[in-house]
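# Structural overview
So the chains spell out like this:
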Amino acid sequence: MIPYSRQNINEDDISAVTEVLRGDFLTTGPKIKEFEDAICEITNTKYAIACSNGTIALHLAGIAFGLKEGDAVIVPSVTFLATANAARYCGAEVMFSDVDPDSGLMQASDLEHALKRCKDLGLNPRAVFPVHLTGQCVNIEEISKTAKASGLKILTDAAHAIGGELHGKPVGSCDHEDACAFSFHPVKTIATGEGGAVTTNDAKLAAKMRTLRHHSMQTTPKKGAWCYEMEELGYNYRITDIQCALGISQLKRLGNFVARRRELVALYDKLLEPLAPVLKPPPKMQYCNPGWHLYAVKIDFAAANITRQNFMAALHDKGIGTQVHYIPVHTQPYYKKRYGNIELPGAESYYEQTLSLPLYPTLRNEDIHFIVNEITKAIQVKNESCCNNSCQRRL
Ligand SMILES: *Cc1c(COP(=O)(O)O)cnc(C)c1O
């Protein structure tokens, strides 16, 4: 079975982990800072705070922003649940924004609309969490202009985007945002098992997230090295040295991972060209060079005369895994119950047609040829049973 994504673990990774297992610190040891320093170097930021997972990275930044009950956070509806849930953990309400139907990315105009809806509903928008969907980036220059004009804090969800470049800078550099959150779940570009990190150039924000991660414990040396105080509610959101050792080892290969992902994307693009306009490769943004976590195509299933369900099943029968990223979060029962039915036509149109094809560094070129062949057949076989030959030729 070819999955839609998978981790890449080699002997160096295994040695790095076993070395920690033989050492003195399984957690709160030296590997944490070493991993954080490596993240700072790769993202070109001053501070990185590693934590238990990507969801918690979002939550930590949200608390550090001071988000609370009575606030609203603008979140694009096409994202993983975690982006919206992190705002709720802080007690804030979620104002879902629409996205561009072709790329699934939030645009500055979507943000403006969401801000207007906040105003109409008497909500107090305090932050926006833009999402670099699939590794393609939002135009953060434009979004930050709109956000800053309204006094919003900006936390970018870069769970998909490590290793990419945006406006000529590494993703996560926080040139235009207050903080950036990453995930190191095994389906993502680098893996630590579970794991996440926040990057920021703001010293106060960084210090706050660091203490929040560790129960907000402040040592008070005046009273003795054993003494500590907790002024506000903190958490155990730590990551282990075992995970960080794996992360450090993985980051050494990030450049290779991204280079290979880009090669595979170029090959898919080329081989899938004949299937346009029924199947369209992801649009490419001039302002970014993605690290490509996902290769999400848009398929006009109505024109291909097959449902997405049947299409995915046909590929599954051939041993090809695919996935849908994502069911718009505003349609989840929890959010529908909370906010009622919201209409976001861009998000819904993107969702109707999107499908993520397998993408990971050890995928071989011949695998891509095989996948594209099977996709072509899955679309055509269905057509044979329902149309004449001219219809097939059009495909
Ligand atoms: C994976 C993911 C997260 C959450 O990361 P975890 O490490 O699984 O908690 C958040 N946002 C997006 C867009 C993701 O894909």
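Below is a summary of the structure that appears in this document. All values derive from a computational prediction rather than experimental measurement.

Below, the discussion takes up the sheet that holds strand E15 (residues 354-357). Reading across the sheet, the 3 strands line up as E12-E14-E15 and stay open at both edges, with antiparallel pairing between neighbours. In the strand order of this sheet, the two ends are held by strand E12 (279-280) and E15, each with one partner. In terms of strand pairing, E12 meets strand E14 (residues 295-299) through 2 bridges, oriented antiparallel. By the bridge assignment, Leu-279 is partnered in E14 with Ile-299. The sheet contacts of helix H9 (residues 254-272) involve E12, E14 and E15, and relative to E14 the element is tilted by about 20 degrees. Of the strands in this sheet, E14 and E15 touch helix H13 (residues 345-353), which is tilted by about 95 degrees from E14.

Our focus in this paragraph is the side chain of Arg-213. In this fold, Arg-213 is placed in the loop between helix H7 (203-212) and strand E10 (217-219). Take Arg-213: its relative accessible area is 12%, and that puts it in the buried class. A distance of 2.9 Å separates a polar atom in the side chain of Arg-213 from a polar atom in the side chain of Glu-36. Excluding anything up to four places from it in sequence, Arg-213 contacts Ile-32, Glu-36, Ile-49, Ala-50, Leu-60, Tyr-235, Asn-236, Tyr-237 and Arg-238.

So, about the pattern of salt bridges. Summed over all chains, the structure comprises 19 salt bridges. One salt bridge in this structure joins Glu-34 and Lys-31, with 3.4 Å as the shortest N-O distance. Taken as a pair, Glu-34 and Lys-31 lie in helix H2 (residues 30-43) at a separation of 3 residues, close to a single helical turn. Glu-36 is paired through a salt bridge with Arg-210; the nearest N and O atoms lie 3.0 Å apart. Highlighted residues: Glu-36 in helix H2 and Arg-210 in helix H7, separated in sequence by 174 residues. Glu-36 gets classed as buried once you look at its relative accessible area, which sits at 6%. For Arg-210, a relative accessible area of 30% gives the class partly exposed.

Time to look at the packing of aromatic side chains. Summed over the entire model, instances satisfying the criterion amount to 9 aromatic pairs. Ring plane angle 45 degrees and centroid distance 6.0 Å describe the contact between Phe-80 and Tyr-326, whose orientation is recorded as tilted. You can see Phe-80 sitting in the loop between strand E2 (71-76) and helix H4 (81-89) and its partner Tyr-326 sitting in the loop between helix H11 (308-317) and helix H12 (333-339), a full 246 residues away along the chain. Considering the side-chain rings of Tyr-334 and Tyr-335, the 4.8 Å spacing of their centres and the 90 degrees angle between planes classify their relative orientation as edge-to-face. The ring of Tyr-351 has Arg-308 sitting right over it, with the charged end atom 4.7 Å from the ring centre.

This next bit is on the sheet that holds strand E8 (residues 179-183). Taken in spatial order, the 7 strands line up as E1-E9-E8-E5-E4-E2-E3 in an open sheet, and their pairing is mixed. Across the chains shown, the open sheet's two edge strands, defined by having one partner strand only, are strand E1 (47-51) and strand E3 (93-97). Direction aside, neighbouring strands of the sheet carry axes that sit 30 degrees apart on average. Two strands pair when backbone bridges link them, and strand E4 (residues 124-128) and strand E5 (residues 153-157) are joined in this way by 2 bridges, in the parallel orientation. Its bridge partner being in E5, Val-128 is matched across the sheet by Ile-154. Those strands touched by H2 are E1, E8 and strand E9 (196-200), and its axis lies near 130 degrees from that of E1. Where H4 meets the sheet, it contacts E2, E3 and E5, and its direction lies at approximately 150 degrees from that of E3.

Turning our eyes to something else, we now look at the packing of helix H3 (residues 54-64) against H4. Look at H3 against H4: their axes get within 9 Å of each other, and the N-to-C directions meet at 40 degrees. Looking at the two axes, H3 sits oblique to H4. For the crossing formed where H3 meets H4, the hand is right-handed. Along the contact surface, H3 presents Thr-55, Leu-58 and His-59, while H4 presents Ala-82, Thr-83, Ala-86 and Tyr-89.

Criteria and cut-off values
Each chain carries its own residue numbering, running from 1 in the direction its sequence is written. Reporting in this predicted model follows two pLDDT cut-offs: at least 70 for local features of residues, and 80 or more for side-chain atom pairs to be given and counted; totals over whole chains, interfaces and linings ignore these cut-offs and use all residues. As a convention, hydrogens and water are excluded, and side-chain values are obtained from all of the structure's heavy atoms. Two strands qualify as a pair provided that DSSP identifies no fewer than 2 bridges between them. To qualify as a helix, a DSSP run of H or I must reach at least 4 residues; to qualify as a strand, a run of E must reach at least 2; elements of each kind are numbered from the N terminus. By the convention used here, residues are in contact when the closest approach between their heavy atoms is within 4.5 Å. All axes here are fitted lines through C-alpha atoms, helices being fitted over the stretch that makes contact, and every angle between N-to-C directions spans 0 to 180 degrees. Using a 1.4 Å probe on the protein chains alone, a residue whose accessible area is under 20% of its type maximum counts as buried, one over 50% counts as exposed, and one in between counts as partly exposed. In the analysis that follows, any N or O atom pair within 3.5 Å is treated as a polar contact, provided that within protein one partner can donate a hydrogen and the other can accept it, and provided that, for residues neighboring in sequence, both atoms belong to side chains. We count a salt bridge whenever a side-chain nitrogen from Lys or Arg sits within 4 Å of a carboxyl oxygen from Asp or Glu. Between 30 and 60 degrees the pair is tilted, below 30 it is stacked and above 60 it is edge-to-face, where a pair is any two Phe, Tyr or Trp rings, Trp via its six-membered ring, whose centres lie within 6.5 Å. Two conditions define a charge sitting above a ring: the NZ of Lys or the CZ of Arg must be within 6 Å of the ring centre, and it must be within 35 degrees of the ring normal. Each angle is binned into one of four classes, with values under 35 degrees roughly parallel, values over 145 roughly antiparallel, values of 65 to 115 roughly perpendicular, and all other values oblique. Should the near helix be turned anticlockwise from the far one by less than a right angle, the crossing is termed left-handed; should it be turned clockwise, right-handed.

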